[in-house]
Amino acid sequence: MTPDFTADLDALDAAHLRRRRRVVQRYDGVRLTVDGREMLAFCSNDYLGLAQHPALIEAACEAAARFGVGATASPLVCGHSSAHEALEAELAAFVGLPRALYFYAGFAANVGIVPALVGRGDAVFSDTLNHACLIDGARLSRADVQVYPHADVDALGRLLAASSARRKLIATDAVFSMDGDIAPLPALLELANRFDALLLIDDAHGFGVLGEGGRGTAAMFGLRSPRLIVMATLGKAAGVAGAFVAGEDDLVEWIMQRARSYIFATAAPALIAETLRVSLKLIAAEEWRRQTLQDLNRRLRAGCAKVLPSGWQLTASKTPIQPIIIGDNASALAAMSGLWQKGFWAPAIRPPTVPEGTARLRLSLSAAHTLGDVDQLIEALASLAPQTPG
Ligand SMILES: *Cc1c(COP(=O)(O)O)cnc(C)c1O
């Protein structure tokens, strides 16, 4: 008998958990054309508005002419070009760590990095709100996985104190992808020092956005330590694709020797690496993009404070991720479709991506937004509201 997935899909529908994709015909900053209609997007991770930057497009075209479009093999065979090599050196210098290794995707990076660092007899200490790929990396590693309550430094300290694992790895998102809050990295590093652990931070949402010159969350806190391993993705603020891990020389070399998602996958095209090199320069040079994000942030939060219905709540985020917690799945979906009808694209995020009962609109800001865009969104949110507070 063939397996029957119809009932499974029906169950997803009944729980309002069925995902559907929209087809985007054209990308113009935060203006996306869907079914011939221009939507104002508050859903992309292109925080700095670089994904269609002319200098990046030009770099991609020139690199395609020189390197072709395919990398032809994995990096350890012949897929590692002079473009990748230069990018890695520039990434390491950018984050101020001895060495960096470039992966074709962030998901692949984490499912490769964690099992390269720990295995049976070791332990991974993982924040309960960590991204799926850190969770999967921990599972794949076969290390003992100890999940600590979100950002709870004391609880983590107790777990570390009680652990007799040979090697200990603390793994955390630096900026939590569905809440926008920032992990208590200095306290985590202190614990890493005290309990002889490594600290792996996933800076997918802080890289390019936080810290001096966009050098990321660790730079924002001024963290320096041989125990620190920084992973960040390059398809978000950097506007392109892929990810990197950076840290001590031998540690990164070991990851290259052992990360199966690095070794057994075709390298990212060289044109992506060349494009990222230009992106890195713009990230460092164009402070106005981060300034714009802060201005947009303030405008959005002030507006929401006035118009959000009671029971809907912004998180305490200072990053471009600005979720409005609504609660139940159906209400979050209704909010999304209400906004959609008015020309706004703001995704409803439901369990299992977020905990039960915390379905939300995950708004994200981009330097490509204007203050006027945010005002329009606030107006639309106000008109959606069943009742206004006060
Ligand atoms: C997006 C994301 C990833 C995955 O990166 P990709 O390059 O999209 O595969 C990993 N970690 C976090 C926290 C993310 O938000």
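Model, not experiment: these values are computed from the prediction. (Residues numbered from 1 in each chain as written. Predicted model: local features only at pLDDT ≥ 70, side-chain atom pairs only at ≥ 80, totals over all residues. Heavy atoms only, no water.)

Caption draft 1: Looking closely at the domain arrangement of the protein. Domain annotation for the protein reports domain 1 (22-48 + 287-382) and domain 2 (54-285). The C-alpha centroid of domain 2 is placed 27 Å from the C-alpha centroid of domain 1. Summing both partners gives a buried area of about 1500 Å² for domain 1 against domain 2, and 60% of it is carried by carbon and sulfur. A per-residue breakdown of the area domain 1 buries against domain 2 is headed by Leu-48, Arg-290 and Thr-319, which together make up 31% of the total. Remark: the boundary between domain 1 and domain 2 carries one salt bridge. Along the contact surface separating domain 1 from domain 2 lie eleven residue pairs in polar contact (both at pLDDT 80 or more). For the side of domain 1 that touches domain 2, the elements supplying multiple residues, two or more each, are helix H13 (287-307), strand E12 (321-327) and strand E15 (359-364). Looking at the side of domain 1 that touches domain 2 element by element, the count peaks at three residues for H13. Its residues assigned to classes, the side of domain 1 that touches domain 2 comprises nine nonpolar, five polar and six charged. (Domains from an automatic or database assignment. Buried area = accessible area lost by both parts, 1.4 Å probe. Salt bridge = Lys/Arg side-chain N within 4 Å of Asp/Glu carboxyl O. Polar contact = N/O pair within 3.5 Å; in protein donor to acceptor, adjacent residues only side chain to side chain. Helix = DSSP H or I, 4+ residues; strand = E, 2+ residues; numbered from the N terminus. Nonpolar A, V, L, I, M, F, W, Y, C, P; charged D, E, K, R; others polar.)

Caption draft 2: Summary view of helix H14 (residues 329-341). Helix length check: H14 (13 residues) gives 18 Å between terminal C-alpha atoms against 18 Å at 1.5 Å per residue, within 8%. All of the buried residues in H14 are Asn-329, Ala-332, Ala-335, Gly-338, Leu-339 and Trp-340. At the exit of H14 stands Gly-343, carrying a positive phi of roughly 95°. (Expected span 1.5 Å × (residues − 1). Buried < 20%, exposed > 50% of the residue type's maximum accessible area, 1.4 Å probe, protein only.)

Caption draft 3: Geometry of the layout of surface pockets. Considered as a void within the structure, the largest pocket measures approximately 920 Å³ in volume. If you go around the largest pocket, you meet 27 residues; those closest to its centre are Arg-20, Met-336, Trp-345, Pro-347 and Ala-348. Elements with a contribution of two residues or more to the lining of the largest pocket: strand E1 (24-28), H14 and strand E14 (348-349). In this structure, the second largest pocket occupies an estimated 430 Å³ of space. Lining the second largest pocket are 21 residues, with Leu-129, Asn-130, His-131, Ala-132 and Thr-353 positioned closest to its centre. Counting only elements with at least two residues in the lining of the second largest pocket, the list comes to helix H6 (132-141) and E15. (1 Å grid on protein atoms, 1.4 Å probe; cavity = no way out; pocket = protein on both sides within 12 Å on 5 of 7 lines; lining within 4 Å. Points joined across faces, edges and corners; volume = space filled by probe spheres on them.)

Caption draft 4: Molecular detail of H13. Taking 1.5 Å per residue as the helical rise, H13 with its 21 residues ought to reach 30 Å, and the 31 Å between its terminal C-alpha atoms agrees with that figure. Looking at H13, one finds that the buried residues are Arg-289, Arg-290, Leu-293, Leu-296, Asn-297, Leu-300, Gly-303, Cys-304 and Val-307. The buried residues of H13 all sit within an arc of 150° when viewed along its axis, so they share a single face. Facing away from the buried side of H13 by over 90 degrees, the exposed positions are Arg-298, Ala-305 and Lys-306. As for H13, its buried residues are in contact with helix H12 (270-285), strand E11 (313-314), E12, E15 and helix H15 (371-384). (Arc of directions from axis to C-beta. Contact = heavy atoms within 4.5 Å.)

Caption draft 5: Inspection of the pattern of salt bridges at higher detail. Considering all chains together, one arrives at 16 salt bridges under this definition. Among the ionic pairs, Arg-99 bridges to Glu-253, the shortest N-O distance being 2.8 Å. You can see Arg-99 sitting in strand E4 (residues 99-103) and its partner Glu-253 sitting in helix H10 (residues 249-258), a full 154 residues away along the chain.

Caption draft 6: Here's a closer look at the packing of aromatic side chains. Scanning the model with the defined rule gives four aromatic pairs in all. Geometrically, the ring pair formed by Trp-340 and Trp-345 is edge-to-face, given 5.2 Å between the ring centres and 85° between the ring planes. When sorted by exposure, Trp-340 lands in the same class as Trp-345, which is buried. One aromatic cluster is present, formed by Phe-94, Phe-207 and Phe-244 through successive ring pairs. In this structure, Arg-22 is placed above the aromatic ring of Trp-340, and the distance from its NZ or CZ to the ring centre is 3.9 Å. (Phe/Tyr/Trp six-rings, centres within 6.5 Å; stacked < 30°, edge-to-face > 60°. Lys NZ or Arg CZ within 6 Å of the ring centre and 35° of its normal.)

Caption draft 7: Representation of empty space enclosed by the protein within the structure. Inspection of the entire model under this criterion finds one cavity of 30 Å³ or more. Around the largest cavity, the lining is made up of 14 residues, and of these Pro-75, Tyr-102, Tyr-262, Ala-267 and Ala-268 lie nearest the centre. Elements that contribute at least two residues to the lining of the largest cavity include exactly helix H3 (75-79), helix H4 (82-95), E4 and helix H11 (260-263). Residue composition of the lining of the largest cavity, grouped by class: eight nonpolar, five polar and one charged.

Caption draft 8: Expanded view of the side chain of Asp-202. For Asp-202, the location among the structural elements is in strand E8 (residues 197-202). For Asp-202, which is buried and forms no salt bridge, the nearest opposite charge comes from Lys-236, at a distance of 6.6 Å. Reaching out from Asp-202, the side chain makes a polar contact with the backbone nitrogen of Ala-204 at a distance of 3.0 Å. (Lys, Arg positive; Asp, Glu negative; His and termini not counted.)

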